[in-house]
There are 2 protein chains.
Amino acid sequence: MRTRQAVLVAAAQVIGERGYEAATIAEIIHRAQVTKGALYFHFPSKDALARAVIAEQTEMLVPPPSDSRLQDVIDFSHQVAQALRDDPVLQAGTRIAVETTFSREPLVPYQDWIEIVTRMFTEARERGELLSAVNPAKAAEFVVSSYMGVQLFSQATTNRADLHERVTSLWRHILPGLAPPGALSHLTPSGRWERHAA
Amino acid sequence: MRTRQAVLVAAAQVIGERGYEAATIAEIIHRAQVTKGALYFHFPSKDALARAVIAEQTEMLVPPPSDSRLQDVIDFSHQVAQALRDDPVLQAGTRIAVETTFSREPLVPYQDWIEIVTRMFTEARERGELLSAVNPAKAAEFVVSSYMGVQLFSQATTNRADLHERVTSLWRHILPGLAPPGALSHLTPSGRWERHAA
């Protein structure tokens, strides 16, 4: 397992520096200080390695239910934002997902996040937190797509320094379409959790 | 001017096939059937050429004011969606913008679209079409960022076949945060314009 993790971190670093297409298995082996055989034992191809880096994204914990499941989604989105700023593996996963969008077989990004958010929205609806017109699956797909664009803009303009601010703006704009008017004042678009210092 | 246009179209084709990093000036010259001198007369570097491809995006007409400026923005977004499906230059512009997001000097995407939408939202507010809490510049920045993510997901999952549907979903989710409740039933999230057959 230590070899596997070393390869994932090395792959994330190399992809982060060179991009997905230019990253080579040879450089990842060198960086991870593992043998070729050890790498191929865990990951039979570069594609398999890329999928594993993307899958690491979903190792993140889904927050336990609080008094508001909708607020839990907001908080979760800010935790992901913080991880996108701090974690090279998550950054590389995003880069692979975006860069392969234009190739013949895109590694469709963020599918696991769409499932997580769909489940949380479904729970929020069961608790009466969502407007009746909201379809949890469609809303989750939109929120995650939108989030993808927002974090790309943040990356391009400020190297993600303003990501929390942009995610807060996303929720300010989307919440009125998700929650009844009376519930809006009880929600915190900037998230409830304590951030580490930047 | 004909040389300039031939180079832009050739650049768009080559970038569309190979990606921004892998596209070479030599191949673009060959494809455009122009001389090296002619290309460099119009575009002194690959970077200048990339910026010109991106700038072509904004040659699109801003719709003239109708009875609803907010509906005009919706219609405009569907026109851009149609162009993203049909126009290789626009497709290449998006690809460059996304692919250079991770490089040291990103060509910040869609700045001109943010300006256009800011202007249209400002006009909508002057006509009383927006909720008083809405800031036109922030709303425009969010809508364009969100649109970027939505079109990337559409590209990755269906090669943009479902782009109009996803843009319609975007507006369904965002409009309640932009317009007063009474105005929502008069707006058409799927756009008012006639689409060409797919």
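An unreviewed UniProt entry lists chain A under the name ScbR family autoregulator-binding transcription factor, with Streptomyces ochraceiscleroticus as the source organism.

Caption draft 1: Structural context of the environment of A:Ala11. Residue and element names in this part refer to chain A. Residue placement: Ala11 occurs in helix H1 (residues 2-18). With 16 residues separating them in the primary sequence, Ala11 and Glu27 have C-alpha atoms 8.6 Å apart. Those residues within four positions of Ala11 in sequence are excluded, and the remaining contacts are Ile28, Leu49 and Val53.

Caption draft 2: Layout of the interface of chain A and chain B. Contacts between the two partners involve 35 residues from chain A and, on the opposite side, 35 residues from chain B. Buried surface at the junction of chain A and chain B, summed over both partners, amounts to about 3000 Å²; 72% is from carbon and sulfur atoms. In terms of surface lost to chain B, no three residues of chain A exceed A:Phe102, A:Phe153 and A:His173, which account for 26% of the buried area on that side. Run the count over chain A and chain B and you get 2 salt bridges. Salt-bridge contacts for A:Arg166 lead to B:Glu141; the nearest nitrogen and oxygen are separated by 2.9 Å. Going through the elements one at a time, helix H6 (88-99), helix H7 (111-126), helix H8 (136-158) and helix H9 (163-174) of chain A are the ones with two or more residues in the side of chain A that touches chain B. Take the side of chain A that touches chain B: its biggest share by element is 15 residues, from H8(A). Here the side of chain A that touches chain B is built from residues that sort into 19 nonpolar, 10 polar and 6 charged.

Caption draft 3: Main features of the nonpolar core. Core analysis: the biggest nonpolar cluster contains 80 residues, and A:Phe121, A:Trp171, A:Leu178, B:Phe121, B:Trp171 and B:Leu178 have the highest contact counts within it. In contact with B:Leu178, other than residues within four places in its own chain, are A:His173, B:Leu70, B:Phe121, B:Glu129, B:Leu130, B:Leu131, B:Val134, B:Ala139 and B:Trp171.

Caption draft 4: The side chain of A:Arg69, seen in detail. All names here are of chain A. Mapping Arg69 onto the fold places it in helix H5 (residues 69-86). Within polar-contact distance, the side chain of Arg69 engages the backbone oxygen of Pro63 at 3.1 Å. With sequence-adjacent residues up to four places away left out, Arg69 is seen in contact with Val62, Pro63, Pro64, Met120, Glu123, Ala124, Arg127 and Glu129.

Caption draft 5: Expanded view of the pattern of salt bridges. Inspection of the entire model under this criterion finds 24 salt bridges over all chains. Close ionic contact of B:Arg18 with B:Glu27 constitutes a salt bridge, the shortest N to O distance being 2.6 Å. Residue B:Arg18 is classed as partly exposed on the basis of its relative accessible area, which comes to 43%. Close ionic contact of B:Arg192 with B:Asp75 constitutes a salt bridge, the shortest N to O distance being 2.9 Å. On the criterion of sequence distance, the pair formed by B:Arg192 in the segment after helix H10 (181-184) and B:Asp75 in helix H5 (residues 69-86) is long-range, its members being 117 residues apart. Residue class for B:Asp75 comes out buried when judged on its relative accessible area of 8%. Residues participating in the shared-partner salt-bridge network are A:Asp67, A:Arg69, A:Asp72, A:Asp75, A:Glu123 and A:Arg192.

Calculation notes
Along each chain, the written sequence defines residue order, and numbers are assigned to residues from 1. Chains carry letters and ligands carry numbers; both start at the beginning, A for chains and 1 for ligands, and go up in the order they are written. Local features in this predicted model are restricted to residues whose pLDDT is 70 or higher, and side-chain atom pairs enter the listing and the counts only when it is 80 or higher, whereas totals over whole chains, interfaces and linings include all residues. Each side-chain value is derived from all of the structure's non-hydrogen atoms; neither hydrogens nor water enter the calculation. Only DSSP runs of H or I reaching four residues or more are called helices, and only runs of E reaching two or more are called strands; each is numbered from the N terminus. Two residues form a contact once any of their heavy atoms are found within 4.5 Å. Accessible surface is computed with a 1.4 Å probe, and the buried area is the amount of it that two parts give up when combined, taken over both parts together. For this document, the term salt bridge refers to a Lys or Arg side-chain nitrogen within 4 Å of an Asp or Glu carboxyl oxygen. Under the scheme applied, nonpolar residues are Ala, Val, Leu, Ile, Met, Phe, Trp, Tyr, Cys and Pro; charged residues are Asp, Glu, Lys and Arg; polar residues are all the others, including Gly. Only buried residues count toward a nonpolar core. Its members are Ala, Val, Leu, Ile, Met, Phe, Trp, Tyr and Cys residues joined through side-chain atoms within 4.5 Å. Throughout this description, buried means an accessible area under 20% of the type-specific maximum (1.4 Å probe, protein chains only), exposed means over 50%, and partly exposed covers the range between. We call two N or O atoms a polar contact when they sit within 3.5 Å, provided that within protein one can donate a hydrogen and the other can accept it, with sequence-adjacent residues counted only if both atoms are side-chain atoms.

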